[in-house]
Amino acid sequence: MLSQTPTKVSQRSALRINPAKTCQPIGAMYAASGIHNCLPYSHGSQGCCSYHRSHLTRHFKEPFMAATSSFTEGASVFGGQPNLLQGLRTAFAAYDPDVIAVNTTCLSETIGDDIPQIIGEAESSGIIPEGKFVIHANTPSYDGSHVTGFSNMCVSMVKYFATRIEDSSEASAPQLNIVPGFVDPADMREIRRLAESVGFTVTMFPDTAGVLDAPQTGSFQMYPDGGVTVDELRNLGRGVKTLALGPFASAEAALQLDKIAGVPHEVLDLPVGIAATDRFIGALNALGAAIPDEITTQRGQLVDLMCDVQQHFYNKKVAIFGDPDHVLSLTEFCRDLGMIPVHILTGTPGKAFGRKATEILGDKADQTNIEGEQDLFLLHQLIKNQPVDLLVGTSYGKYIARAEDIPFVRFGWPILDRFGHALIPSLGYAGAIQLISKMSDALLDRRDRDSTEWQFELVL
Ligand code: SF4
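Residues numbered from 1 in each chain as written. Predicted model: local features only at pLDDT ≥ 70, side-chain atom pairs only at ≥ 80, totals over all residues. Heavy atoms only, no water.

1. Quick look at the overall build of the chain
Logical step 1: Along the backbone of the chain there are 17 helices and 13 strands.
Logical step 2: Whereas a compact globule of 460 residues would reach a radius of gyration of roughly 23 Å, the chain reaches 23 Å, a difference of no more than 12%.
Logical step 3: With the C-alpha coordinates aligned to their principal axes, the bounding extent of the chain is approximately 80 × 55 × 45 Å.
Logical step 4: The buried share among the 460 residues of the chain stands at 53%.
Logical step 5: Surface exposure of the chain reaches about 19,500 Å², of which carbon and sulfur atoms provide 50%.
Logical step 6: Here the chain carries 36 positive and 52 negative side-chain charges, and the mean point of each set is 6 Å from the other. (Helix = DSSP H or I, 4+ residues; strand = E, 2+ residues; numbered from the N terminus. Rg over C-alpha atoms; globule rule 2.2 N^0.38 Å. Buried < 20%, exposed > 50% of the residue type's maximum accessible area, 1.4 Å probe, protein only. Areas by Shrake-Rupley, 256 points an atom, 1.4 Å probe, with all protein chains shown as cover. Lys, Arg positive; Asp, Glu negative; His and termini not counted. Charge placed at Lys NZ, Arg CZ, Asp CG, Glu CD.)

2. Some details on the domain arrangement of the chain
Logical step 1: In terms of domains, the chain is made up of domain 1 (24-161), domain 2 (175-286) and domain 3 (303-450).
Logical step 2: Using only C-alpha atoms to locate each centre, domain 1 and domain 3 end up separated by 34 Å.
Logical step 3: Facing 11 residues of domain 1, the contacting portion of domain 3 comprises 14 residues.
Logical step 4: At the boundary of domain 1 with domain 3, total buried surface from both sides reaches about 1,000 Å², with 67% on carbon and sulfur atoms.
Logical step 5: By the criterion of area lost to domain 3, the three top residues of domain 1 are His55, His59 and Lys61, representing 52% of everything that side buries.
Logical step 6: Our count for the contact surface shared by domain 1 and domain 3 stands at 0 salt bridges.
Logical step 7: Scanning the region where domain 1 abuts domain 3 turns up 6 residue pairs in polar contact (both at pLDDT 80 or more).
Logical step 8: Counting only elements with at least two residues in the side of domain 1 that touches domain 3, the list comes to helix H2 (46-60) and helix H7 (146-161).
Logical step 9: Its residues placed into classes, the side of domain 1 that touches domain 3 shows 4 nonpolar, 5 polar and 2 charged. (Domains from an automatic or database assignment. Contact = heavy atoms within 4.5 Å. Buried area = accessible area lost by both parts, 1.4 Å probe. Salt bridge = Lys/Arg side-chain N within 4 Å of Asp/Glu carboxyl O. Polar contact = N/O pair within 3.5 Å; in protein donor to acceptor, adjacent residues only side chain to side chain. Nonpolar A, V, L, I, M, F, W, Y, C, P; charged D, E, K, R; others polar.)

3. Observations regarding the sheet that holds strand S9 (residues 317-322)
Logical step 1: With respect to topology, 5 strands assemble into an open sheet ordered S11-S10-S9-S12-S13, the strand pairing being parallel. Strands with a single pairing partner mark the edges of an open sheet, and in this sheet they are strand S11 (369-371) and strand S13 (408-410). Across the sheet, the mean angle from the axis of one strand to that of its neighbour is 15°, orientation sign disregarded.
Logical step 2: With 3 bridges joining them, S9 and strand S12 (residues 390-393) adopt parallel strand pairing. Opposite Ala319, over in S12, you have Leu391 as the bridge partner.
Logical step 3: Contacts between helix H13 (residues 324-336) and the sheet are confined to S9, strand S10 (340-346) and S12, with S9 contributing the most and set at about 160° to the helix. (Pairing = 2+ DSSP bridges. Axes fitted to C-alpha atoms, helices over the stretch in contact; angles between N-to-C directions.)

Spelled out as structure tokens, the structure:
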């Protein structure tokens, strides 16, 4: 397995091998699926749309609906306006969504299609039915990653729908806006549960809970019941605050909402692990919400578990890779568990990753390989040079885990070769308990496997 990966690390400037990211449109499509009755729409060649749908389906094990402009060579030369106009006409007639959320691909970006102008043309020629909406995000694949695409579509939700609302007197409970980051439906549910349990009415955008974890009822529902509604998006201006969870995926939308509707915002780390969840709960508390006993108890259970398991985690070397918001918070959690993060890596560009990682690791930062905008080929080489006890990341890590015989925990997006992850939160105190359970299972299964017979203990 991966036998041609050399131990010697050489400088690469043009060759990328086994990327730790994918392209913008897939993130935009995932975000769009978190709008109620919305059809994600890919403006470009149909291959991109097909790949993105199948990749999302493979992670969630759910149907993922999306339409495409299906560019031909002609459209690639003369522009995709006729394709988009016809595509919108067909999509509204055949699939009747309330919203079509258009993203672009590298092809339509390279030829420079002017999407707002085409949407304007669709409006003036009656292609967009009364009471329906077309929004768009430019998502050039050669910039950023899928996380950037997610962020760009969240910004579009704000730009198309949010307005300044002076009178918020109708609200029975204060409204809190949350941008949850590129996380699973179960995580969005957990974030909502925490925020609602302290007395807020939550508008989460996007919200894929109920969309990509919808129940099997025996009949296919093109638009499941979940998702943030257009009315909720129009009322974002009523929020007392917007919390952006994860600076890479969520900060920009919260900032835009602040600018457009005057809703103050705060950027928090993705609440993975105890410290980041404490900061999230602290932010709720700072807004005047009393923290209920239920949450305090769950935190206490997590602390108890951290104490119970500490002898198995102490000084264990770990490598972590994936999306930057996930990796940074998990690095902090592993540090709090007494582990040593030896390699941390993301494929997504952005200098903030290195800065933030250094801040988290403090005086231990120089003992860690902190790699931004890098790939899994490099991660494998780093692990060959400095072996670890545990590897945590997306399904793509399984090849390194097998090649180097390392216990492996799947975490983040995508997870293509296991089941149930989209239904079980890895955020909040509940998610931290789940993560400890998975990581200790992996470490102790390895210990059992490698024990001699006389060391093979019943009680660990
Ligand atoms: S990189 Fe470009 S061509 Fe490839 S899937 Fe992404 S948008 Fe499509």
